Amino acid sequence: LMYLLIELGRMCKVKEISDRDVVEVALHVYSSWRSDVESGFVDVENLKGGITNSSFVVTNRKRKEKVLVKFYGEGTDVFINRSEELKILKLFAAKGLTPRILGCQHNARIEEFLEDARALEPKQFRDERFSKAIAKQLARIHQISSPDYTGLSQDEFKLLPNNIDKNSGVLWKNVEGWLRLASDLGESIEKEYDLSRVQRRASQLRVILEENHCVSEKSEFEFASNGFAKLKASEILDQVRVCHNDLLSGNVLWRNEIADVTLIDFEYSAWNPVGFDIANHFCEFAGFELNVDYEKTYPDKDSIQKAFMHSYLSTINQSDIVQDDQIWDEIVKRLYLYACASDLWWGSWAILQATSSQLDFPYAEYAHLRLEKSFAFHARKAGLETFDL
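Since this is a predicted model, take the numbers as computed values, not measurements.

A few points about helix H9 (residues 195-211)
1) Next: With 17 residues, H9 extends 24 Å from end C-alpha to end C-alpha; this agrees with the ideal 24 Å at 1.5 Å per step.
2) Next: Among the residues making up H9, those that are buried are Leu-195, Val-198, Arg-201, Ala-202, Leu-205, Ile-208 and Leu-209. Projected down its long axis, H9 shows its buried positions confined to an angular sector of 140°, all on one face.
3) Next: On the buried face of H9, the contacting elements are helix H7 (171-183), helix H8 (187-193), helix H15 (325-356) and helix H16 (363-381).

Dropping the structure here:
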């Protein structure tokens, strides 16, 4: 714990990154560019907008080449295991799912730059064509860590991260650990975010998900009648795979054709239930807007969600499942439970960032939004009438 607090404190000491710093990292891989740098042919562009890392495009106008340089945010190893992230990136790049890693330094990474690639805007998630393409890519990523997948070489298999908890991945380890760390930051933080209540919610939600039932007013007969549907929803969504865990709009790039999407930024990637990854993506339809109406931003059950899940399940040969109304209702309900887990994940993350990060982002406001308004909306949709709202 003391190590984590020291690391969190380091986040206050953000060193400004100069163009020269960026170029020196690029020269780590492209040493032949040094004379071009001295001749003024190399430019640096800051890709602003990141809330964890700082990214730059380095362009050699003489050679007509570009690379992406990413500097890790100070102290972000509180949240991110960089060695595991690198292994995952190498694995997915080998499968053609992510840009290639060209080189690394202790605080930065050099990646292939995707020419003409554009990041999506949250509103574009609502385009069914994009939604289906994203679902397909996400399913392919999940499939790689499936025990039934036979496409990994022995060396590639070694790149899979360790699975800490075969039932829930890192979900509750991270949420509970980040909340404990937040509590240790002092009484003012405890009171501002009512952390005791947030921790109770986390404990209750974990029990609900792990016991595979929803808290509701159903009679024993009603529960028995849809028990099979609940079981099928659990079988689909509770599978623990290597997930992206941060599928916001800025982490989806597209080029030329809408179907040509690439998922990037796997720093939070780890083993988790696939339902968490999918629900977390649905939460990102709201973007980072603080004055948000979740009734309007969360994807519609029978259009966008169904199209997404049909594309996802078709990729893993299970598409017929969404045609069963009872099973589909239970899938939607369980995704709302995982959306609650997403609120706890990013809410606790934002509390820690708010106390120390120097990046220009309203972390405190975002923490309140996810832990209060967003959580209450998703819990209500999940049928948690008796939950501690």
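A word on the pattern of salt bridges
1) Next: One pass over the structure, following the stated rule, counts 24 salt bridges.
2) Next: Put simply, Glu-115 and Lys-66 hold a salt bridge, and the shortest N to O gap is 3.5 Å. Pair noted here: Glu-115 is in the loop between strand E5 (108-112) and strand E6 (118-119) and Lys-66 is in strand E3 (residues 65-71), with a separation of 49 residues, a long-range link.
3) Next: Overall, Glu-115 belongs to the partly exposed group, its relative accessible area being 39%.
4) Next: Overall, the relative accessible area of 33% leaves Lys-66 in the partly exposed class.
5) Next: One salt bridge in this structure joins Glu-295 and Lys-381, with 3.6 Å as the shortest N-O distance. Here Lys-381 lies in helix H16 and Glu-295 lies in helix H13 (residues 294-297), a separation of 86 residues in the sequence.
6) Next: Here Glu-295 falls in the partly exposed class, since its relative accessible area comes to 47%.

A short note on the confidence of the model for the protein
Caution applies to low-pLDDT regions: their predicted coordinates should not be interpreted in detail.
1) Next: Counting all residues, the mean pLDDT for the protein is 86, and 88% of those residues have values of 70 or more.
2) Next: Taken element by element, the predicted model of the protein shows its lowest mean pLDDT in helix H1 (residues 2-10) (39) and its highest in helix H12 (residues 274-283) (98).
3) Next: Counted against residues more than four places away or in other chains, residues 213-219, with its pLDDT under 50, gives 18 contacts.

A closer look at the environment of Val-274
1) Next: Positionally, Val-274 belongs in helix H12.
2) Next: Sequence separation between Val-274 and Val-240 is 34 residues, and the spatial gap between their C-alpha atoms is 6.1 Å.
3) Next: What Val-274 contacts, discounting residues up to four positions off in sequence, is His-142, Ile-236, Leu-237, Gln-239, Arg-241, Cys-243 and Tyr-312.

A closer look at the packing of aromatic side chains
1) Next: The full count for this structure, using the stated rule, is 22 aromatic pairs.
2) Next: Between Trp-178 and Trp-345 the ring centres are 5.3 Å apart and the planes differ by 75°, which places this aromatic pair in the edge-to-face class. Highlighted residues: Trp-178 in helix H7 and Trp-345 in helix H15, separated in sequence by 167 residues.
3) Next: What links up through ring pairs into an aromatic cluster is the set Trp-178, Tyr-268, Phe-276, Phe-288, Trp-345, Trp-346, Trp-349, Phe-361, Tyr-363 and Tyr-366.

Examining the side chain of Ser-348
1) Next: Assignment of secondary structure puts Ser-348 in helix H15.
2) Next: The contacts of Ser-348, once residues within four sequence positions are left out, are Val-175, Trp-178, Leu-179 and Leu-371.

Rules used in this analysis
Residues numbered from 1 in each chain as written. Predicted model: local features only at pLDDT ≥ 70, side-chain atom pairs only at ≥ 80, totals over all residues. Heavy atoms only, no water. Helix = DSSP H or I, 4+ residues; strand = E, 2+ residues; numbered from the N terminus. Expected span 1.5 Å × (residues − 1). Buried < 20%, exposed > 50% of the residue type's maximum accessible area, 1.4 Å probe, protein only. Arc of directions from axis to C-beta. Contact = heavy atoms within 4.5 Å. Salt bridge = Lys/Arg side-chain N within 4 Å of Asp/Glu carboxyl O. pLDDT = per-residue confidence, 0-100. Phe/Tyr/Trp six-rings, centres within 6.5 Å; stacked < 30°, edge-to-face > 60°.

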